[in-house]
Amino acid sequence: MESVLTKAVRLARKKKFIDAEQLLNGEVVRYRESYNFYYTLGLCYLKSGNLGAAHDHLLRAREIQGLNPNVLLALGALYLKRADTRSAIRYYLEVQEVEPKNRIAAKALAVIKKYGASDDLIAWTETGKVNFLHPKFIPVPIRVTSVIISTFVIIAVIIFTTGLLVTQKKITFKTPPLRSGAVEASLNADEKNNPTELGGVYNYILTEKQVLQTYKNALSLFNAGRDNAVRVELNKIYNSNANKTIKIKAGILASYLNDAAFDNLKDNYDYTTVAKEPVLYKDCFVIWRGMATNVQQEQNSTSFDFLIGYETRKNLIGTVKVFLPYAASINVEQALEVLAKIVKDSENTAVFSLEGSGIHQLR
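For every chain, the first residue of the written sequence is number 1, and numbering continues from 1 along that sequence. The model is predicted, so local features are restricted to residues of pLDDT at least 70 and side-chain atom pairs to those at 80 or more, both for listing and for counting; the totals for chains, interfaces and linings are taken over all residues. The side-chain values count all of the structure's non-hydrogen atoms but skip hydrogen atoms and water molecules.

1. Concerning the nonpolar core
Here comes step 1: In terms of nonpolar packing, the biggest core is built from 54 residues, with Y39, L46, L80 and Y92 touching the most fellow members.
Here comes step 2: Any two residues having at least one pair of non-hydrogen atoms within 4.5 Å are treated as being in contact. Sequence-distant contacts of Y92, defined by excluding residues within four places in its chain, comprise L73, G76, A77, L80, A105, A108, L109, I112 and L133.
Here comes step 3: Core analysis: the next-biggest nonpolar cluster, separate from the first, contains 47 residues, L221, V230, V286 and I330 among them. Only buried residues count toward a nonpolar core. Its members are Ala, Val, Leu, Ile, Met, Phe, Trp, Tyr and Cys residues joined through side-chain atoms within 4.5 Å. Three exposure classes are used, based on accessible area relative to the maximum for each residue type with a 1.4 Å probe and protein chains only: buried under 20%, partly exposed in between, and exposed over 50%.

Here it is in structure tokens:
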């Protein structure tokens with residue numbers, strides 16, 4: 001049986017935006033933590049012309065998954081429709097930071113450059129061409145009946161093909177391809193034969209076997225898509241007596257790691273664990289709950305002291321400084337959930353802060 005969200009996406013893809021909106025509006029409580037829900041509903045409102053509702057729902061989606069280019073593109077298109085070029089440019093530039101070659105963002109910025117005057121831009125948006133700058137709806141699963149039929153067809157083809165090939169030559173099966181970057185970051189024979197360095201001061205003194213095993217763990221976790229856990233293994237390499245060339249390879253592997261979102265963080269580390277050894281969790285993403293205090297807002301940034309574990313006002317686990325590289329509205333009377341990257345103090349290894357990439361108030 002299909003979920004309500006899947007049904008709504010199917011309707012939206014058929015341009016039945018009002019029907020999709022009506023279907024989703026009664027499911028806010030059920031999907032209150034879902035990026036896909038708020039993104040889909042916000043995009044429906046954008047396409048049906050309800051810019052106020054679109055704005056609210058897309059901002060909520062951004063709080064849940066702030067680095068997703070699609071929601072940034074949708075917000076950029078919304079501000080284009082409002083002829084607010086300053087805000088639109090900000091969102092399109094954010095897209096280009098995440099995806100430098102994003103075609104929609106490049107086209108949108110070209111449009112803004114061409115139709116700089118608000119009257120000209122309004123006239124352009126009224127032609128409906130702004131719809132070409134909208135991002136796509138989320139993909140929907142293939143229907144079960146289609147999968148069953150396709151499976152039977154594939155099995156039949158395989159059986160028939162195998163029958164032909166088995167009489168001609170032995171069939172070989174290939175292993176799944178490695179994740180992009182795994183080969184480039186793999187150690188060569190010389191690095192495996194000389195994995196450690198002599199002398200120096202390090203946080204972790206590892207044997208040759210431990211260095212190789214730690215790096216092997218990093219590659220294995222990388223291919224499993226557990227990027228947060230990879231960062232822990234690489235931090236152990238960076239801060240150990242591992243050979244410099246291995247540390248360079250570790251940096252190559254790190255360049256292929258993806259940022260986390262609320263709905264895809266596979267390895268979350270609690271405050272107590274991080275506070276014991278911040279150097280080991282540098283650049284890791286965490287999702288923590290608590291309360292905000294001492295909020296300071298600038299035009300393009302927000303910072304506050306985060307009281308970890310204090311969301312129930314009963315148990316304060318610790319306090320950490322949070323910096324958001326964008327303006328955010330924060331209610332200090334409500335509990336908060338923060339997705340952020342751990343930033344280690346360069347001078348004091350026991351001190352760390354958080355660079356937030358997404359927040360949302362807990363109701």
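Picking up after the structure, the text goes on.
2. What to know about the pattern of salt bridges
Here comes step 1: By salt bridge we mean one thing: a side-chain nitrogen of Lys or Arg within 4 Å of a carboxyl oxygen of Asp or Glu. All chains considered together, the criterion is met by 11 salt bridges.
Here comes step 2: A salt bridge links K282 to D283; the nearest nitrogen and oxygen atoms lie 3.0 Å apart.
Here comes step 3: Residue class for K282 comes out partly exposed when judged on its relative accessible area of 32%.
Here comes step 4: One salt bridge in this structure joins E333 and R313, with 3.7 Å as the shortest N-O distance. Of this pair, E333 sits in the loop between β3 (318–324) and β4 (335–344) while R313 sits in the loop between β2 (302–308) and β3, placing them 20 residues apart in sequence.
Here comes step 5: Linked by salt bridges that have partners in common, R62, R90 and E94 make up one network. The helix and strand labels rest on DSSP assignments: H or I over at least four residues marks a helix, E over at least two residues marks a strand, and numbering proceeds from the N terminus.

3. Focus: the pairing of β4
Here comes step 1: Burial analysis of β4 places 7 of its 10 residues in the buried class, the great majority of the element.
Here comes step 2: Here strand β1 (residues 285–297) runs beside β4; their pairing, made up of 6 bridges, is antiparallel. Bridge pairing links F285 to K341 in β4. Note: two strands are recorded as paired if DSSP finds a minimum of 2 bridges between them.

4. Comments concerning the packing of aromatic side chains
Here comes step 1: Here the aromatic set is Phe, Tyr and Trp, taking the six-membered ring for Trp, and pairing holds for ring centres within 6.5 Å; pairs whose planes are under 30 degrees apart are stacked, those over 60 apart are edge-to-face, and all others are tilted. Inspection of the entire model under this criterion finds 11 aromatic pairs.
Here comes step 2: On the basis of an interplanar angle of 0° and a centroid distance of 5.3 Å, the ring pair of Y31 and F37 is categorised as stacked. Of the two residues, Y31 and F37, neither departs from the other in class, the shared state being buried.
Here comes step 3: With a centroid separation of 5.6 Å and an interplanar angle of 10°, the aromatic rings of Y35 and Y39 are classed as stacked. One end of the pair, Y35, and the other, Y39, are both in helix α3 (residues 35–48), 4 residues apart, so they sit about a helical turn from each other. Neither residue differs from the other here; Y35 and Y39 are each classed as buried.
Here comes step 4: Through a chain of ring-to-ring contacts, the aromatic side chains of Y31, F37 and Y38 assemble into a single cluster.
Here comes step 5: Charges are assigned to positions over rings by a cutoff of 6 Å between ring centre and Lys NZ or Arg CZ, combined with an angular limit of 35 degrees from the ring normal. Directly above the aromatic system of Y38 lies the positively charged group of R60, at a separation of 5.2 Å from the ring centroid.
Here comes step 6: Above the face of the Y91 ring, R90 is positioned so that its terminal group lies 4.7 Å from the ring centre.

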